[in-house]
Amino acid sequence: MKALSQKFYDETARIEELVLLAGVLGDYYLPPVVEDFLEEGWPVIEGCFGDIPSHVKADVDELEETDALLEWLLDNNKLGFLLRMATPIMRHADHGATYYSWGSYSTKWFYGETLEAALDKGFAWVAKRRELEKSAA
């Protein structure tokens, strides 16, 4: 765990939310963090789980209930880890220094069958943000 802690420090990242879906999809009362995730909308949901069948999306949109989506997640064994990773927005000075504050940061949701898979996706996103920030400087 110490190595993982060091990676978060080195990459300047943190986990904002972490949910094991197998532990919360058993009944249809969802914890607020999962409800918040679902309220992000289809682009975010499909960014984590891939394409959702149109009939599932139609049921959710028409009924304004998530039952059809939850059933799809269960039927497709999407029971792994859902996490929201955060990283600050880096600012680069002319002389090569980098500045940041956790008062200005970005977040993104990731899903993985294992915690390691979800974290790998999150750290890859952080690395891509760093590249974009450097190229914009």
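Bear in mind that the values here come from a model prediction, so they are computed numbers and not experimental data.

**What to know about a nonpolar patch on the surface**
Alright, step 1. A cluster of nonpolar side chains, contributed by Ile15, Leu18 and Leu115, occupies part of the molecular surface with about 210 Å² of accessible area.
Alright, step 2. By the secondary structure assignment, Leu18 is in strand β1 (residues 14-20).
Alright, step 3. According to the relative accessible area criterion, Leu18 is partly exposed, its value standing at 43%.

**Structural notes on the confidence of the model for the protein**
Alright, step 1. Averaged over all residues, the pLDDT of the protein equals 92, while 99% of them reach at least 70.
Alright, step 2. The element-level mean pLDDT for the protein is lowest in strand β4 (residues 98-99), coming to 80, with strand β2 (residues 81-88) highest at 98.

**Regarding the nonpolar core**
Alright, step 1. Of all hydrophobic cores here, the largest spans 24 residues; its most connected members are Phe49 and Leu69.
Alright, step 2. Contributing elements (two or more residues each) for this core: α2 (32-39), α3 (42-49), α4 (54-63), α5 (67-75) and β5 (105-112).
Alright, step 3. In terms of residue count, the dominant contributor to this core is α5 (five residues).
Alright, step 4. Formed by ten residues, the second largest nonpolar core is a distinct cluster that contains Phe8, Leu83, Met85 and Phe110.

**As for the packing of aromatic side chains**
Alright, step 1. On inspection of all chains with the given rule, the structure shows six aromatic pairs.
Alright, step 2. Centre to centre, the rings of Phe37 and Phe49 are 6.0 Å apart; their planes meet at 80°, and the pair counts as edge-to-face. You can see Phe37 sitting in helix α2 and its partner Phe49 sitting in helix α3, a full twelve residues away along the chain.
Alright, step 3. The buried category is assigned to Phe49, whose relative accessible area is 7%.
Alright, step 4. Ring pairing ties together the aromatic residues Phe37, Phe49, Trp109 and Tyr111, which thus form one cluster.
Alright, step 5. When the ring centre of Phe123 is taken as reference, the NZ or CZ atom of Lys7 above it lies at 4.7 Å.
Alright, step 6. Sitting over the face of the ring of Tyr105, Arg14 holds its NZ or CZ atom 4.8 Å from the ring centroid.

What counts and what doesn't
- Residues numbered from 1 in each chain as written.
- Predicted model: local features only at pLDDT ≥ 70, side-chain atom pairs only at ≥ 80, totals over all residues.
- Heavy atoms only, no water.
- Patch = residues over 30% accessible without salt bridge, like charges linked within 9 Å, V, L, I, M, F, W, Y side chains within 5 Å.
- Areas by Shrake-Rupley, 256 points an atom, 1.4 Å probe, with all protein chains shown as cover.
- Salt bridge = Lys/Arg side-chain N within 4 Å of Asp/Glu carboxyl O.
- Helix = DSSP H or I, 4+ residues; strand = E, 2+ residues; numbered from the N terminus.
- Buried < 20%, exposed > 50% of the residue type's maximum accessible area, 1.4 Å probe, protein only.
- pLDDT = per-residue confidence, 0-100.
- Core = buried A, V, L, I, M, F, W, Y, C linked by side-chain atoms within 4.5 Å.
- Phe/Tyr/Trp six-rings, centres within 6.5 Å; stacked < 30°, edge-to-face > 60°.
- Lys NZ or Arg CZ within 6 Å of the ring centre and 35° of its normal.

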